[in-house]
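Structural description and commentary
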Amino acid sequence: MAKRNPSVLSNEIDWEKGAMKEFTPDPNREVVLSVRNLSVGFSVRGKKTHVIRDINLDVYKGQTLAIVGESGSGKSVLTKTFTGMLEANSIIYGGSIMYHGYDLAKLITNEQWCNIRGKRIATIFQDPMTSLNPLLSIGYQISEVLILHRGMEKEEARAEAISLLGRVRIPHPEERYDDYPFQFSGGMRQRAVIAIALACNPEILICDEPTTALDVTVQSQIIQLIKDLQKEYGWTTIFITHDLGVVANIADDLAVMYGGQIIEYGTIEDVFYHPAHPYTWALLCSLPQLGTKDEPLTYIKGNPPSFSGEIIGDAFAPRSEYAMNIDFVREPPIFKISDTHWAKTWLLSPYAPKVEPPLIIQELHERMKMAADELAHQEGDNYAKSPSK
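What comes next is a walk through the structure. Please read these numbers as outputs of a predicted model, since none were measured by experiment.

All right, on to the overall build of the protein then. Each helix and strand in the protein was counted, giving 12 helices and 12 strands. Over its C-alpha atoms the protein spans a radius of gyration of 23 Å, differing by no more than 12% from the 21 Å that the globule rule assigns to 389 residues. Along the first, second and third principal axes, the C-alpha atoms of the protein reach 75 × 55 × 45 Å. Split into buried and exposed, the 389 residues of the protein put 50% on the buried side. Taking as baseline every contact in the protein between residues at least 6 positions apart, the subset at least 24 positions apart corresponds to 67%.

Looking now at the packing of helix H3 (residues 138-150) against helix H6 (residues 186-198). It is at 9 Å that the axes of H3 and H6 come closest, and there the two elements cross at 20°. Classified by the interaxial angle, the pair formed by H3 and H6 is roughly parallel. Here the hand of the crossing between H3 and H6 comes out right-handed. Of the residues in H6, those touching H3 at Ile 138, Gln 141, Ile 142 and Val 145 are Ala 192, Ala 195 and Ile 196. In terms of residue class, the contact of H3 with H6 is made up of 6 nonpolar, 1 polar and no charged.

Moving on: H3. For H3, which comprises 13 residues, the first-to-last C-alpha distance of 18 Å matches the rise-based estimate of 18 Å (1.5 Å per residue) to within 8%. Among all positions of H3, only Ile 138, Gly 139, Gln 141, Ile 142, Ser 143, Val 145 and Leu 146 are buried. In this structure, the buried residues of H3 make contact with helix H4 (154-167) and H6. At the C-terminal side of H3, Gly 151 shows a positive phi close to 65°.

Time to look at the pattern of salt bridges. Following the criterion strictly, the structure yields 12 salt bridges and no others. Note that Glu 16 is salt-bridged to Arg 330, the shortest N-O span being 3.5 Å. With Glu 16 in the segment before strand E1 (31-44) and Arg 330 in the loop between helix H10 (278-285) and strand E11 (335-338), the pair connects residues that are 314 residues apart, well separated along the chain. When the shortest N-O distance is used, the salt bridge between Asp 253 and Arg 29 registers 2.8 Å. With Asp 253 in strand E9 (residues 253-258) and Arg 29 in the segment before E1, this residue pair connects regions lying 224 residues apart in the sequence. Since its relative accessible area comes to 2%, Asp 253 is described here as buried.

So, on to the sheet that holds strand E12 (residues 341-343). If you walk across this open sheet you meet the 8 strands as E6-E7-E8-E3-E9-E10-E12-E11, and the pairing is mixed. The sheet terminates laterally at strand E6 (121-124) and E11, the two strands that pair on one side only. Direction aside, neighbouring strands of the sheet carry axes that sit 20° apart on average. Strand contacts of helix H7 (residues 216-233): strand E3 (64-68), strand E7 (204-208) and strand E8 (236-241), with the helix running at about 160° to E8, the strand carrying the most contacts. Most of the contacts of H10 go to E9, to which it runs at about 105°, and overall it touches E3, E9 and strand E10 (261-267).

Remark: the centre distance and the inter-plane angle together describe each pair of aromatic rings, the angle taken between the planes. Evaluation of the coordinates by the stated rule reveals 11 aromatic pairs. Ring geometry for Trp 281 and Tyr 322: centres 5.1 Å apart, planes at 85°, overall edge-to-face. Of the two residues, Trp 281 is situated in helix H10 and Tyr 322 in the loop between H10 and E11; the sequence distance between them amounts to 41 residues. Tyr 322 matches Trp 281 in its accessibility class, with the two residues each being buried. Aromatic side chains Phe 335 and Trp 346 sit 6.3 Å apart centroid to centroid with 65° between the ring planes, which places their arrangement in the edge-to-face category. Of this pair, Phe 335 sits in strand E11 while Trp 346 sits in the loop between E12 and helix H11 (359-362), and the two are 11 residues apart along the sequence. In textbook terms, an aromatic cluster arises when at least three aromatic residues are bridged by ring pairs, as seen for Trp 15, Phe 335, Trp 346 and Tyr 351.

Of note, the phi angle at His 100 is positive, near 50°, even though the residue is not glycine. Mapped onto the secondary structure, His 100 falls in the loop between strand E4 (90-99) and strand E5 (102-103). One non-glycine residue, Arg 169, adopts positive backbone phi at about 65°. By the secondary structure assignment, Arg 169 is in the loop between H4 and helix H5 (173-176).

Definitions and cut-offs
- Residues numbered from 1 in each chain as written.
- Predicted model: local features only at pLDDT ≥ 70, side-chain atom pairs only at ≥ 80, totals over all residues.
- Heavy atoms only, no water.
- Helix = DSSP H or I, 4+ residues; strand = E, 2+ residues; numbered from the N terminus.
- Rg over C-alpha atoms; globule rule 2.2 N^0.38 Å.
- Buried < 20%, exposed > 50% of the residue type's maximum accessible area, 1.4 Å probe, protein only.
- Contact = heavy atoms within 4.5 Å.
- Axes fitted to C-alpha atoms, helices over the stretch in contact; angles between N-to-C directions.
- Parallel < 35°, antiparallel > 145°, perpendicular 65-115°, else oblique.
- Left-handed = near helix turned anticlockwise from the far one by under 90°.
- Nonpolar A, V, L, I, M, F, W, Y, C, P; charged D, E, K, R; others polar.
- Expected span 1.5 Å × (residues − 1).
- Salt bridge = Lys/Arg side-chain N within 4 Å of Asp/Glu carboxyl O.
- Pairing = 2+ DSSP bridges.
- Phe/Tyr/Trp six-rings, centres within 6.5 Å; stacked < 30°, edge-to-face > 60°.

Quick look at the structure:
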């Protein structure tokens, strides 16, 4: 059970002093997608659940936003609302998703979504076989998108599809055009899905854990491919993952999700070097590369909250050794740390007791430098042992 501070429930203390009264975007960047007070749930056996709980978020043009959190935090449900891909039993209780003057939260039918889904906002899923039809050739599936969304003729679409296969670095694209998904490796299938997403030249690309099912070497290749294509096409990327280590080299901004809420948001430097929420501390401490040989592996005890019942207070409180009594009875507001960084934790209230974060967080700068040096050393050794040498 989390430790509690018995002095924090006095009604005479204004614990919300200093909290943000209104959620505002960064004035120095252009917002391409704006989410305000979004609440989403599902109807299951006649019972309603709340999975996305009053989320506020701004996605900035040309940037990469990473959304991290454990499985069950609500990451995929949140981004599915951007493309109208929620399950049939979903319910949008309230809020807005503004995109170029359209409130996507109000779109209902597939006809209403046809000019958004794929054409302006595209998604790459974790398992490419859920996106590819095993009975149709890879080239046909890319050509189909080009014919439907860009009005190309059959031969023109074939030529463009071959060009797209080349852009995603599939060898001999002319020969692979007529191959079926089972003839591609996992990494090549994911490249083919990226080619399908490229076909419509979307403004926003959602990558829903696109490397989880791949081995480490292929993971790095796919991430580098997405980065290179973003520079070429200038799209905005939303990258979903449960691995903080993956986003360190790809993201501009980082949103940490837990219990259906974004509990911390900032630039990658803000969150990695100045984390403020105990859950973010726990995620960072769980990175194996930040540990030392004489320390046991760190893990987060307990399980994420269930959405079957009402979540009261800070959803992470039952698992946090930094929880105070107020965390169990009142949901924390957003406290602004800087123009680019905020967090939902009562520890940022001026009346909260001062606490020392875990040792790994205190030594984060030094440990991240050591981890980077070790990785560079390993890559140098691997290069020296390569056959080309």
